[in-house]
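Chains, contacts and geometry: an overview
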Amino acid sequence: MKVKAALASFLFLVSGAPGAYVAAAQDVAPVPALGPKTWVDPLTHHRVVRISQEAGSASLYFHQNSYTPQGDKMVISVPDGIASVELKTWKVTTIVKGADLQLLFTGRKTRTVYYARRSATGSTIFAADIDSGKSRQIAKVDRGFIGSINADETLLLGQWAASDKPLQPGNPDAPKDRQQFGQANYQANGPDGKPLTFAEAKEVRMNDRLESGIPMEIFTIDIKTGARKVVIASSKDWLNHIQFSPTDPNLIMYCHEGPWHKIDRIWTIRTDGTGNQLIHKRIMNMEIAGHEFFSPDGKWIWYDLQTPRGQDFWVGGYELATGKRKWFHLERNEWSVHFNRSPDLTHFSGDGGDNEMVAHAPDGKYLYLFTPNDIPDVAGIHASGSENLISPGYFTSEKLVDMRKHDYRLEPNMTFTPDNKWIVFRSNMEGSNQVYAVEIAKAE
């Protein structure tokens, strides 16, 4: 059967759209029969629900908003379009039909889902009411891709590259398992001429794209007038991971993409082009920081931090108003492809990783709930100027889902539901790409 990889996982496959997660349909093995729709994980004792009903369904990327402002519904991609999910009942309802649609995000102000339909001349952006499905066209994008919408839903945020360069050129002889879950087939040889792992080969391909020096722009589109305004122009750096603040309608975060140990990745800028600022400056060789995201209240930026890469693991935080920094330490097996923060700001989540990834975790294939803990000054004795130093801490962890049957070439991309009771993720642990939720409280 055919499963659309665009619905399975939104990936960068074209350098002209870094951060635009698109892929073509592929032939994959027959989808195996699914087990029960809900169960209690025997290892973690947390309840898991399979939300989706069809193979090839997908939740959004970890920093994209998929929930209504009222917190009662979310949106997912399904094979025949875009669907809403009632969070109390997990009822799935298709609201916009079309096999060629790309789900983008939901609005933070209105009950609106935004999506794109691409063509040979660009893409058209639409907005649909999540309850009625009534849709309207809001913008034409003749060059580039849309990646975010601002807090008051007045501006779209996009990026454009002067030419396309696939991260991995097509390989008709590629092993079928590299295609199974709609993942790019990263392949490369190391300095010794031997094939690299999937993760290391991806680094080589990302470096190839970075060194191409393709001119890029970051731009906004005014939803009311259609006016396109360039925020960053004629950059030959690889600009990626664009996202608006969830609370400040004029604050943008973006990254300089490439191998993380080679670049200073995390930046912010205002919509008028002012205030271009590096958020994390490396202080050691092979230090890496990335997969950055805003906290739900818009006050902090959080990111994966390793000092150095693959050896010592943190979740780093930067407070936008003050410049203060917090670093929470975690163990190798707890390192995760992506982290996220709960709406009530009490917890973080992590989606784990396999032994080929940057942490080379021997037993890291789990979804985690993290509780942050500060390290206080001993006996209340404060060093002079300590308020200007990094505030250290550590995570205590709880396993939520056993992911040892999951292929991590599909990233789980965990998000907390607005009521802080569930975490939504995507997985192929039952043999096909599906959307799931795990309850944060343990089952009785």
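Residues numbered from 1 in each chain as written. Predicted model: local features only at pLDDT ≥ 70, side-chain atom pairs only at ≥ 80, totals over all residues. Heavy atoms only, no water.

Describing the pattern of salt bridges
- Enumeration according to the criterion identifies 18 salt bridges in this entry.
- When the shortest N-O distance is used, the salt bridge between R117 and D100 registers 3.1 Å. Of this pair, R117 sits in strand β9 (residues 112-119) while D100 sits in the loop between β7 (92-97) and β8 (101-106), and the two are 17 residues apart along the sequence.
- Using a relative accessible area of 43% as the deciding quantity, one classes D100 as partly exposed.
- Across the pair D248 and R270 runs a salt bridge whose closest N-O atoms are separated by 2.9 Å. You can see D248 sitting in the loop between β16 (239-244) and β17 (251-256) and its partner R270 sitting in strand β18 (residues 266-270), a full 22 residues away along the chain. (Salt bridge = Lys/Arg side-chain N within 4 Å of Asp/Glu carboxyl O. Helix = DSSP H or I, 4+ residues; strand = E, 2+ residues; numbered from the N terminus. Buried < 20%, exposed > 50% of the residue type's maximum accessible area, 1.4 Å probe, protein only.)

Examining the pairing of β8
- Most of β8 is tucked away, with six of its six residues classed as buried.
- Inspection of the sheet shows β8 paired to β9 by five bridges, in the antiparallel sense. By the bridge assignment for β9, Q102 is matched with A116.
- The turn joining β8 and β9, which pair antiparallel and follow one another in sequence, is formed by five residues. (Pairing = 2+ DSSP bridges.)

As for the sheet that holds strand β10 (residues 122-129)
- With respect to topology, four strands assemble into an open sheet ordered β8-β9-β10-β11, the strand pairing being antiparallel. For this open sheet the edge positions go to β8 and β11 (135-141), each flanked by a neighbour on one side alone. Put simply, the sheet's adjacent strands are angled 25° from each other on average, direction ignored.
- Relative to β10, β9 is paired through eight bridges, and the arrangement is antiparallel. Directly across from T112, in β10, lies its bridge partner D129. (Axes fitted to C-alpha atoms, helices over the stretch in contact; angles between N-to-C directions.)

Let's talk about the sheet that holds strand β3 (residues 38-40)
- Overall, antiparallel pairing links the five strands, which are arranged β3-β4-β30-β29-β28 in an open sheet. Both outer strands of the open sheet, β3 and β28 (415-416), are each paired with one neighbouring strand and no more.
- Strand direction decides the pairing type here: strand β4 (residues 46-50) and strand β30 (residues 434-442), joined by four bridges, are antiparallel. Along β30, the bridge assignment pairs V48 with V438.

Some thoughts on the side chain of E334
- Here E334 lies in the loop between β23 (325-330) and β24 (339-341).
- Lacking a salt bridge, the buried E334 has K399 as its closest oppositely charged neighbour, with an N-O distance of 8.4 Å.
- Once you skip the residues sitting within four places of it in the chain, E334 turns out to touch F339, Y368, F370 and S397. (Lys, Arg positive; Asp, Glu negative; His and termini not counted. Contact = heavy atoms within 4.5 Å.)

Quick look at the environment of N240
- Relative to the helices and strands, N240 is located in strand β16.
- Separated by 81 residues in the primary sequence, N240 and Q159 have C-alpha atoms spaced 7.7 Å apart.

Quick notes on the nonpolar core
- Counting residues in each nonpolar core, the largest one holds 37 residues, and the members touching the most others are L400, V401, I423 and F425.
- Those elements that place two or more of their residues in this core are β20 (288-294), β21 (300-306), β22 (313-319), β23, β26 (366-374), β27 (391-402), β29 (422-427) and β30.
- Here this core gets five residues from one element, more than from any other, and that element is β26.
- What V401 contacts, discounting residues up to four positions off in sequence, is D41, T44, V48, K365, Y366, L367, F425 and V438.
- V231, L239, I242 and I269 belong to the second-largest nonpolar core, a separate cluster that totals 19 residues. (Core = buried A, V, L, I, M, F, W, Y, C linked by side-chain atoms within 4.5 Å.)

Describing unusual backbone geometry
- Here the residue pair T307 and P308 is connected by a cis peptide bond, since its omega of 0° sits within 30 degrees of zero.
- Along the chain, the position of P308 falls in the loop between β21 and β22.
- Even without glycine at this site, W90 takes up a positive phi of about 65°.
- Mapped onto the elements of the fold, W90 is located in the loop between β6 (81-86) and β7.
- Given the relative accessible area of 10%, W90 is considered buried.
- For H360, which is not glycine, the phi torsion reads 50° and is therefore positive.
- Relative to the assigned elements, H360 resides in the loop between β25 (348-350) and β26.
- Take H360: its relative accessible area is 40%, and that puts it in the partly exposed class.

Fair warning: the whole summary comes from geometry, so function is off the table for now.
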